[in-house]
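Descriptive structure summary
Listed below, chain by chain, are the residues.
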Amino acid sequence: MTRSAEPLVVGRVVGDVVDMFVPSVELVVSYPIRQVNNGCQINPSAVARPPQIQIEGQGFDDSLFTLIMIDPDAPSPSEPLLREWVHWIVTDIPTGLNSTPGQEILPYDAPKPMLGIHRYVFVLFRQLGGPLVAMAPTKRSNFKTREFAAQHGLGLPVAVVYFNSQKHAGSRRR
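Residues numbered from 1 in each chain as written. Predicted model: local features only at pLDDT ≥ 70, side-chain atom pairs only at ≥ 80, totals over all residues. Heavy atoms only, no water.

**Some details on the packing of aromatic side chains**
Scanning the model with the defined rule gives five aromatic pairs in all. Seen from their ring centres, Trp 88 and Tyr 108 are 5.4 Å apart, and the 85° between their planes marks the pair as edge-to-face. With a gap of 20 residues between them, Trp 88 in strand S6 (residues 85-94) and Tyr 108 in the loop between strand S7 (103-106) and strand S8 (118-127) connect regions that are remote in the sequence. As far as burial versus exposure is concerned, Trp 88 and Tyr 108 are alike and both buried. (Phe/Tyr/Trp six-rings, centres within 6.5 Å; stacked < 30°, edge-to-face > 60°. Helix = DSSP H or I, 4+ residues; strand = E, 2+ residues; numbered from the N terminus. Buried < 20%, exposed > 50% of the residue type's maximum accessible area, 1.4 Å probe, protein only.)

**A few points about the sheet that holds strand S4 (residues 52-56)**
Overall, antiparallel pairing links the three strands, which are arranged S2-S1-S4 in an open sheet. On the outer flanks of this sheet lie strand S2 (34-35) and S4, each paired with one strand and no other. In the sheet, strand S1 (residues 26-31) pairs with S4 via five bridges, with the strands oriented antiparallel. Bridge pairing in S4 places Val 28 opposite Gln 54. (Pairing = 2+ DSSP bridges.)

**Details of the nonpolar core**
The biggest cluster of nonpolar side chains holds 27 residues, and the ones touching the most others in it are Leu 27, Tyr 31, Phe 122, Leu 124 and Phe 163. For this core, the secondary structure elements donating two or more residues are S1, S4, strand S5 (64-71), S6, S8 and strand S9 (159-165). In this structure, Ala 5, Ile 70, Leu 132 and Ala 134 belong to the second largest nonpolar core, which totals 24 residues. (Core = buried A, V, L, I, M, F, W, Y, C linked by side-chain atoms within 4.5 Å.)

**What to know about the sheet that holds strand S3 (residues 40-41)**
Within the open sheet, the six strands sit side by side as S3-S9-S8-S5-S6-S7. Their pairing is mixed. Edge positions in the sheet fall to S3 and S7, since each of these pairs with one other strand and no more. Here S5 runs beside S6; their pairing, made up of seven bridges, is antiparallel. Along S6, the bridge assignment pairs Met 69 with Trp 88.

**Focus: unusual backbone geometry**
Looking along the chain, the bond that leaves Ala 74 and enters Pro 75 is cis, with omega of -5°. For the bond running from Arg 83 to Glu 84, omega is -10°, close enough to zero to count as cis. Its place among the elements puts Glu 84 in the loop between S5 and S6. Positioned with a positive phi, Asp 92 is a non-glycine residue whose angle comes to about 55°. Looking at where Asp 92 falls in the secondary structure, it is placed in strand S6. Its identity as a non-glycine residue notwithstanding, Asn 142 has a phi of 55°, on the positive side. Checked against the element boundaries, Asn 142 lands in the loop between S8 and helix H3 (145-151). Classification of Asn 142 as partly exposed rests on a relative accessible area of 29%.

This is how it looks when you write it as structure tokens:
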């Protein structure tokens, strides 16, 4: 499969969340109902539990990775005052099938979009110096993926994938 950052540019993930990069590994994010593909629509009820993660790439057999899941559209896409809302941070993820085991720095917080269509972005970094020592952020709002990467010597992402989600139309209470 050809890796391209083009869908990330079109979806404004490049710019809003990460700088331009060259994808170098395959990141597969799978929820029970479907695999995440850039820009696909997934209902919030389908992402209540953490996804399965798979990392594949030539020459990365002994590498460890850090995964960050964020919402750059919190609380609403038209006024993202809480950008970036961090939903999950996992470090020390090995390559291979079902790579989810790693060191969970920040527990999974299921997406709950309230207004508009939100992008939920999985950013994968290769750890350059072995296991990563990182503390959980003190708050989930206004997280800065770029700053986290710089503070921990992670460099540019090696893969990014995102999906869209919005509140169920029938979920209003009267």
